[in-house]
Amino acid sequence: MRIHHIGIAVESLRAAVPLFAKLLGRAPDAEETIEEQKVRVVAFALGESRIELLEATSPDSPIARFLSKRGQGIHHVALAVANVSATLAELERAGFRFIDREPRVGAGRERIAFLHPSSTAGVLIELVEEK
Ligand code: ZN
């Protein structure tokens, strides 16, 4: 496994994108709205991984709920795996809990699934299937 990306919840992409562009010394690589998750994503590639800035597109977005509870900051860590279904089965046998029992489609049309943070030390972990 490797870190596929780190998701950071932000109040405003308009404020956060120039900040990260300055930090990383360049413009972002991709921008996408994921209607299903009510989130707008701006990604900066960073070696084998990337940083994703996440802005809510609606007050009932999971990102809006996270911001109201915990404020801006790291929302989730995504791990790249060869096969999400196989990894979910393996982790279920190992006693982990899930938000998604079945993979769904995420940013970049990849197959993803979220583990429940109650079984991963409070950190929301996303599995992303490598293409
Ligand atoms: Zn993610």
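The following paragraphs examine the structure supplied in this document. (Residues numbered from 1 in each chain as written. Predicted model: local features only at pLDDT ≥ 70, side-chain atom pairs only at ≥ 80, totals over all residues. Heavy atoms only, no water.)

1. Some words on the coordination of the zinc ion
- The coordination sphere of the zinc ion, as far as protein atoms go, consists of His 5 (NE2), His 76 (NE2) and Glu 126 (OE), spread over 1.9 to 2.1 Å.
- Between consecutive donor residues of the zinc ion, the sequence gaps follow H-x70-H-x49-E. Taken together, the positions of His 76 in strand β5 (residues 73-81) and Glu 126 in strand β8 (residues 125-129) put the pair 50 residues apart, joining distant regions of the chain. (Donors = N, O, S within 2.8 Å, 3.2 Å for Na, K, Ca; no water. Helix = DSSP H or I, 4+ residues; strand = E, 2+ residues; numbered from the N terminus.)

2. A closer look at unusual backbone geometry
- Backbone geometry at Lys 38 places phi at a positive 50°, although glycine is not the residue there.
- Inspection of the secondary structure assignment puts Lys 38 in the loop between β2 (30-34) and β3 (39-46).
- Given a relative accessible area of 29%, Lys 38 falls into the partly exposed group.
- The backbone phi angle of Ala 121 is positive, close to 55°, even though this residue is not glycine.
- Its place among the elements puts Ala 121 in the loop between β7 (111-114) and β8.
- Relative accessible area serves as the criterion here: at 78%, Ala 121 is assigned to the exposed category. (Buried < 20%, exposed > 50% of the residue type's maximum accessible area, 1.4 Å probe, protein only.)

3. Quick notes on the pairing of β2
- As paired strands, β2 and β3 are joined by five bridges and run antiparallel to one another. Counted as the bridge partner of Ile 34 is Val 39 from β3.
- The antiparallel pairing of β2 with β3 creates a hairpin that spans four residues between the two strands, and Lys 38 there sits at a positive phi of about 50°. (Pairing = 2+ DSSP bridges.)

4. As for the side chain of Thr 120
- Summarising the element assignment, Thr 120 is placed in the loop between β7 and β8.
- For Thr 120, a relative accessible area of 13% gives the class buried.
- Within the structure, Thr 120 has its side chain in polar contact with the backbone oxygen of His 116 (distance 3.4 Å).
- Here the side chain of Thr 120 touches Val 123 through a polar contact of 2.6 Å, landing on its backbone oxygen.
- Aside from chain neighbours lying at most four places away, what touches Thr 120 is Phe 96, Leu 115 and Ile 125. (Polar contact = N/O pair within 3.5 Å; in protein donor to acceptor, adjacent residues only side chain to side chain. Contact = heavy atoms within 4.5 Å.)

5. Some remarks on the sheet that holds β7
- With mixed pairing, eight strands are arranged side by side in an open sheet as β2-β3-β4-β1-β5-β8-β7-β6. In the strand order of this sheet, the two ends are held by β2 and β6 (104-105), each with one partner.
- Two strands pair when backbone bridges link them, and strand β1 (residues 2-9) and β5 are joined in this way by seven bridges, in the antiparallel orientation. Bridged to Ile 6 within β5 is Val 77.

6. Looking at the pattern of salt bridges
- Under the criterion given, the structure shown has nine salt bridges.
- In this structure, the salt-bridge partner of Arg 50 is Glu 52, at a minimum N-O distance of 2.7 Å.
- When its relative accessible area of 22% is taken as the criterion, Arg 50 is described as partly exposed.
- Judged by its relative accessible area of 4%, Glu 52 falls in the buried class.
- When the shortest N-O distance is used, the salt bridge between Glu 129 and Arg 111 registers 3.2 Å. Of this pair, Glu 129 sits in strand β8 while Arg 111 is found in strand β7, placing the two residues 18 residues apart along the sequence.
- When its relative accessible area of 33% is taken as the criterion, Arg 111 is described as partly exposed.
- Among the charged side chains, a network of salt bridges with common partners joins Arg 50, Glu 52 and Glu 110. (Salt bridge = Lys/Arg side-chain N within 4 Å of Asp/Glu carboxyl O.)

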